[in-house]
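Geometric and topological summary
For reference, the chains in residue letters:
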Amino acid sequence: MRMGFVGLGVMGRPMALNLARAGTPLVVWNRTPERCAPLRDAGAEVAAGPAEVFERADTVLLMLADEAAVDTVLGRGTPAFAGRVAGRTVVHMGTTSAEYSAVLEKDVRAAGGAYAEAPVSGSRVPAEQGGLVAMLAGEDSVLADTRPLLAPMCREIFACGPVPGALLMKLAVNLFLITQVTGFTEAFHFADRHGLDRARFLDVLDAGPMASSVSRMKAPKLLARDFAVQAAATDVLKNNRLIAEAARAAGVASPLLDVCHALFEETVAGGHGGEDMVAVLRALEARTDAAPAPLAGPGGGPA
């Protein structure tokens, strides 16, 4: 079975490379053609456009930035849509709103195609290592066919019921990730501005119960001020907005998320959207530097 893969960005390219290296017959396309070169070198076929991917593949994986990109690739809203999806399985692996995915599934099925959600948890490094965690939703028969196709990219795959269960699960996971990394970065900033040994602070944290694979991945980046992207601040802000919208729609309080939303807006507005999510440190530093100095009290301390 030939598979299609569309969207070779920070996450998509290493994911597709793992499929190609596992021997999966693969046809790929990306809006920026030069990103296809490593896939060609790994044995994948490069299509001239998304229409050709659908012509040559039975199952097409979409790892795209947003809803508009998905609609464009599918030709949704045009006569091309039915011809692309009929008789094929569309696997939506990006992060969009749950409502969008639910309607997309109905449209794909009405056009004679099959549909599955398979968003993944993990950033660039797990994607390179084939260590992503996938959340899978859709009809049982579709999931049975889709699950083994994801194995070269993922260390675990969790069934999440019907659409849009996987995307809602992904949003819940990302809520924890965003607040966790923001809290970790704020703690690092607190230690730094109190003159503590930053490396020692990270060692203490790593030895204690709060240590995690996330903190161990982000700690050296904070210490070195290495903002090379693993998960871009722009993407984090997009995810934050999606989670906030889902929370509001369900009447769910999300106060920590709302604070993070403001900080990532400031990070992106400051020109750091293409940097890793730990660049939220820049927003924290800017707030600290802009704050008025505390007034001295009678004993020399704060008034």
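Fair warning: this is a prediction, and the values are worked out from it, not measured in the lab. (Residues numbered from 1 in each chain as written. Predicted model: local features only at pLDDT ≥ 70, side-chain atom pairs only at ≥ 80, totals over all residues. Heavy atoms only, no water.)

1. A short note on the packing of helix 13 (residues 255–272) against helix 14 (residues 280–290)
Each packed pair of helices is defined by two parameters, the angle between the axes and the distance between the axes. With their axes 8 Å apart at the nearest point, helix 13 and helix 14 run at an angle of 95° to one another. Comparing their axes, helix 14 and helix 13 come out roughly perpendicular. Mapping the contact onto sequence places Ala 262, Leu 263, Phe 264, Glu 266, Thr 267 and His 272 in helix 13 and Val 280, Arg 282, Ala 283, Leu 284 and Arg 287 in helix 14. Looking at the contact of helix 13 with helix 14 residue by residue, the class counts come to 6 nonpolar, 2 polar and 3 charged. (Axes fitted to C-alpha atoms, helices over the stretch in contact; angles between N-to-C directions. Helix = DSSP H or I, 4+ residues; strand = E, 2+ residues; numbered from the N terminus. Parallel < 35°, antiparallel > 145°, perpendicular 65-115°, else oblique. Contact = heavy atoms within 4.5 Å. Nonpolar A, V, L, I, M, F, W, Y, C, P; charged D, E, K, R; others polar.)

2. Comments concerning unusual backbone geometry
Residue Pro 164 follows Val 163 across a cis peptide bond; omega there is 10°. In this fold, Pro 164 is placed in the loop between strand 9 (154–159) and helix 9 (165–193). Positive phi, normally seen in glycine, also occurs at Arg 225, with a value near 50°. When you line up the elements, Arg 225 lands in the loop between helix 11 (213–224) and helix 12 (233–250).

3. Some words on the pairing of strand 1 (residues 3–6)
Here strand 1 shows a buried face lined by Met 3 and Phe 5 and a second buried face lined by Gly 4 and Val 6. Here strand 1 runs beside strand 2 (residues 26–29); their pairing, made up of 4 bridges, is parallel. Paired with Gly 4 across the strands is Val 27, a residue of strand 2. For the crossover that starts at strand 1, traverses helix 1 (residues 12–21) and ends in the parallel strand 2, the hand is right-handed. Bridge analysis of strand 1 against strand 4 (residues 59–62) gives 4 bridges, and the strand direction is parallel. The residue of strand 4 that forms the bridge with Gly 4 is Val 60. (Buried < 20%, exposed > 50% of the residue type's maximum accessible area, 1.4 Å probe, protein only. Pairing = 2+ DSSP bridges. Right-handed = clockwise from strand over helix to strand, strands pointing away.)

4. A short note on the side chain of Thr 267
Structurally, the position occupied by Thr 267 is in helix 13. Judged by relative accessible area, Thr 267 falls into the buried class, the value being 1%. A distance of 2.8 Å separates a polar side-chain atom of Thr 267 from the backbone oxygen of Leu 263. Excluding anything up to four places from it in sequence, Thr 267 contacts Ala 233, His 272, Gly 273, Ala 279, Val 280 and Ala 283. (Polar contact = N/O pair within 3.5 Å; in protein donor to acceptor, adjacent residues only side chain to side chain.)

5. A few points about the nonpolar core
Residues Phe 5, Met 15, Leu 26, Met 93 and Leu 150 are the most contacted members of the largest nonpolar core, which totals 33 residues. Put simply, the parts of the chain that give this core at least two residues each are strand 1, helix 1, strand 2, strand 6 (114–117), strand 8 (132–138), helix 8 (140–150) and strand 9. Looking at this core element by element, the count peaks at 5 residues for helix 1. Counting residues in each nonpolar core, the second largest holds 29 residues, with Leu 202, Ala 244, Met 277 and Ala 283 among its members. (Core = buried A, V, L, I, M, F, W, Y, C linked by side-chain atoms within 4.5 Å.)

6. Quick look at the UniProt feature "domain: 3-hydroxyisobutyrate dehydrogenase-like NAD-binding" (unreviewed entry) in the protein chain
According to UniProt, the feature "domain: 3-hydroxyisobutyrate dehydrogenase-like NAD-binding" (unreviewed entry) maps to residues 169–284 in the numbering used here. The straight-line gap between the two end C-alpha atoms of residues 169–284 is 29 Å; of that span, 76% is helix and 0% is strand. (UniProt positions renumbered as here; feature names shortened; annotations may be inferred.)

7. Things to note about the pattern of salt bridges
One pass over the structure, following the stated rule, counts 18 salt bridges. Among the salt bridges present, the one from Lys 221 reaches Asp 226, with a minimum N-O distance of 3.3 Å. Assessed through its relative accessible area of 4%, Lys 221 is described here as buried. Across the pair Arg 248 and Asp 258 runs a salt bridge, and its minimum N-O distance is 2.6 Å. Of the two residues, Arg 248 sits in helix 12 while Asp 258 sits in helix 13, which places them 10 residues apart along the sequence. (Salt bridge = Lys/Arg side-chain N within 4 Å of Asp/Glu carboxyl O.)

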